[in-house]
Amino acid sequence: MRFIIQRDQLMESIQHVMRAISARVTIPILSGIKIEATTAGIKLTGSDSDISIESFIPKEEDGIVHVEEIDAGSVVVQAKYFPDIIRKLPLKTVEIMTDENDQVTIRSGGAEFHLNGQDTVEYPQLPVLHTENSFEIKSDVLKDLIKQTVFAVSTVETRPILTGVNMKLEDDFLHFVATDSHRLASRKLPMEATSDQINFTSVVIPGKSLSELNKILEDSEEKISISVTENQILFQTNHLYFLSRLLDGNYPETSRLIPDQSKTIVYAKTKELLQAIDRASLLAKENRNNVVKLQTKENNQLEITSNTPEVGEVVEGLSTVGKEGEDLKISFSAKYMIDALRIIEEEQVKIEFTGAMRPFIIRPMDNNYILQLILPVRTY
């Protein structure tokens, strides 16, 4: 195998596939990066059996040549050393070749490295997903869906199913839902009529997989094809192939948790409320739940307080845009509230309460596709 490639292009692909490579792997060869050279271009693969990522660098694209002088072949290089070597090479181009013993030579300018490679025979073949269950959405929309839900997945393994995001299709909407049983984040997206051909109803994607995918995806209008099989999901663009296992089990029916009526509604400016809760949480860090209290006052005022006996207390008054219904006093985790408000890009939010001990809902004022639910905390 031999080729000459643009260093920056190679580095970008390496960074993508490194997201799938874990230090703790059961199959030793998975601690390496697989490089395949074909007449069409160079393909890099990284995998930890849960996530597999392939990144493709075409020989040329839009009249720009990325790879030259390709002799086909393949090798697995050590992920521990290869990225650092490529990053620190002196020139913009790099020549990579292997001999019959899988010894890898990397040359750039006056620098020459020799690395022990491995035969790709032992590297597990990635499954080729042939599935009817495919649909497309734009890259920037998928990034939003992930960003607005994945933070609410559970980080404890006691209920493994809650460490994932539930993706389901119903009533021509694509839903993303995440919950750790103390809060819930939901986002839905209207789908075109193409969803008629799709027959999956509900799958659970590991939160870790979606977080890694989100880091790689570009904020662009590029279309991403999503394919679902029984136990795997594939996200595919022109140059990227991101495969993740799905979590086993049934996701809890979360729609029951969402109250259908409210006793108090508060309308507030998203940024002002976020900053006030953030300030109140400065003194709440000592107690385990980071608890902040919110109380409605006359003339559309809110009072936000936090009190940690051994630290001190904070009281802040905040003018809201409006209030309907009964007066209310409620305590909740400042962290959960901050997380929920952070992902709302609209200027104003609507918060619906059904009582001091019942879950409450936060949504953007003019957007019914985003919903956050938080369970209050007992403070007495």
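Scroll up to find the structure.
(A) Region of the structure containing the packing of aromatic side chains. In the structure shown here, the tally under the stated rule is four aromatic pairs. Measuring from centroid to centroid gives 6.3 Å for Phe-235 and Phe-242, while their planes differ by 70°, and the two rings are edge-to-face. The same class applies to Phe-235 as to Phe-242, namely buried. Ring geometry for Phe-353 versus Phe-360: centroids 5.1 Å apart, planes at 35°, classification tilted. A relative accessible area of 1% means that Phe-353 is categorised as buried. Under the relative-accessibility criterion, Phe-360 is labelled buried at 0%. Aromatic ring contacts, followed pair by pair, group Phe-332, Phe-353 and Phe-360 into a single cluster. Between the NZ or CZ atom of Lys-188 and the centre of the ring of Phe-173, over which it lies, the distance is 4.7 Å.

(B) Looking closely at the side chain of Ser-227. Note that Ser-227 resides in strand S17 (residues 223-228). On the basis of relative accessible area, Ser-227 is assigned to the buried category, the value being 5%.

(C) Quick look at the packing of helix H5 (residues 270-280) against helix H6 (residues 334-342). Running from N to C, H5 and H6 cross one another at 155°; their axes reach a closest spacing of 10 Å. Between H5 and H6, the angle falls in the class roughly antiparallel. Every pair of crossing elements has a handedness; the one defined by H5 and H6 is left-handed. Within the contact between the two elements, H5 uses Thr-270, Leu-273, Leu-274, Ile-277 and Asp-278 and H6 uses Ala-334, Met-337, Ile-338, Leu-341 and Arg-342.

(D) Broad picture of the pattern of salt bridges. Considering all chains together, one arrives at 22 salt bridges under this definition. Between Asp-48 and Lys-208 there is a salt bridge, with its nearest N and O atoms 3.7 Å apart. Of this pair, Asp-48 sits in the loop between strand S3 (41-47) and strand S4 (51-58) while Lys-208 is found in helix H4 (residues 207-216), placing the two residues 160 residues apart along the sequence. Among the ionic pairs, Arg-279 bridges to Glu-316, the shortest N-O distance being 2.8 Å. Remark: Glu-316 occurs in strand S23 (residues 312-319) and Arg-279 occurs in helix H5; sequence separation between them is 37 residues. Relative accessible area serves as the criterion here: at 17%, Glu-316 is assigned to the buried category. One salt-bridge network, held together by shared partners, links Arg-2, Glu-69, Glu-95, Arg-107 and Glu-112.

(E) Spatial organisation of the side chain of Asn-367. As for its placement among the helices and strands, Asn-367 is situated in the loop between strand S27 (360-364) and strand S28 (370-374). Judged by relative accessible area, which is 17%, Asn-367 ranks as buried. Within the local environment of Asn-367, its side chain forms a polar contact with the side chain of Glu-346, the two groups lying 3.1 Å apart. Within polar-contact distance, the side chain of Asn-367 engages the backbone nitrogen of Tyr-369 at 2.8 Å.

(F) Quick peek at unusual backbone geometry. Notably, Asp-172 is not glycine yet its phi reads approximately 60°, a positive angle. Note on placement: Asp-172 falls in the loop between strand S13 (164-170) and strand S14 (173-179). The class of Asp-172 is partly exposed, set by a relative accessible area of 42%. Of note, Asn-299 is a non-glycine position whose phi angle comes to about 55°, a positive value. On the secondary structure map, Asn-299 appears in the loop between strand S21 (291-296) and strand S22 (301-308). By relative accessible area, Asn-299 is classed as exposed at 68%.

(G) Quick peek at the sheet that holds strand S7 (residues 67-71). The sheet built from five strands is open, its strands ordered S7-S1-S9-S10-S11 with antiparallel pairing. Each edge of the open sheet carries a strand with a single partner, namely S7 and strand S11 (111-116). Recorded for the sheet is a direction-independent mean angle of 20° between the axes of neighbouring strands. For strand S1 (residues 2-6) and strand S9 (residues 93-98), the ladder comprises five bridges, and the chain directions are antiparallel.

(H) Local environment of H6. The buried count for H6 comes to seven of nine residues, which makes it a mostly enclosed element. For H6, the set of buried residues is Ala-334, Tyr-336, Met-337, Ile-338, Asp-339, Ala-340 and Leu-341.

(I) Summary view of the nonpolar core. Core analysis: the biggest nonpolar cluster contains 64 residues, and Leu-142 and Met-167 have the highest contact counts within it. Not counting residues up to four positions away in its chain, the partners in contact with Met-167 are Phe-135, Leu-174, His-175, Phe-176, Phe-200, Thr-201, Ser-202, Val-203, Ile-205, Ile-226, Val-228 and Ile-233. Judged by nonpolar contacts, the second largest core, of 31 residues, contains Ala-268, Leu-274, Leu-328 and Val-349.

(J) Structural context of helix H1 (residues 7-18). Its 12 residues give H1 an end-to-end C-alpha distance of 16 Å, which sits within 8% of 16 Å, the value for a rise of 1.5 Å per residue. Every buried residue of H1 is listed here: Arg-7, Leu-10, Met-11, Ser-13, Ile-14, His-16 and Val-17.

Reading the values: rules and limits
- Residues numbered from 1 in each chain as written.
- Predicted model: local features only at pLDDT ≥ 70, side-chain atom pairs only at ≥ 80, totals over all residues.
- Heavy atoms only, no water.
- Phe/Tyr/Trp six-rings, centres within 6.5 Å; stacked < 30°, edge-to-face > 60°.
- Buried < 20%, exposed > 50% of the residue type's maximum accessible area, 1.4 Å probe, protein only.
- Lys NZ or Arg CZ within 6 Å of the ring centre and 35° of its normal.
- Helix = DSSP H or I, 4+ residues; strand = E, 2+ residues; numbered from the N terminus.
- Axes fitted to C-alpha atoms, helices over the stretch in contact; angles between N-to-C directions.
- Parallel < 35°, antiparallel > 145°, perpendicular 65-115°, else oblique.
- Left-handed = near helix turned anticlockwise from the far one by under 90°.
- Contact = heavy atoms within 4.5 Å.
- Salt bridge = Lys/Arg side-chain N within 4 Å of Asp/Glu carboxyl O.
- Polar contact = N/O pair within 3.5 Å; in protein donor to acceptor, adjacent residues only side chain to side chain.
- Pairing = 2+ DSSP bridges.
- Core = buried A, V, L, I, M, F, W, Y, C linked by side-chain atoms within 4.5 Å.
- Expected span 1.5 Å × (residues − 1).

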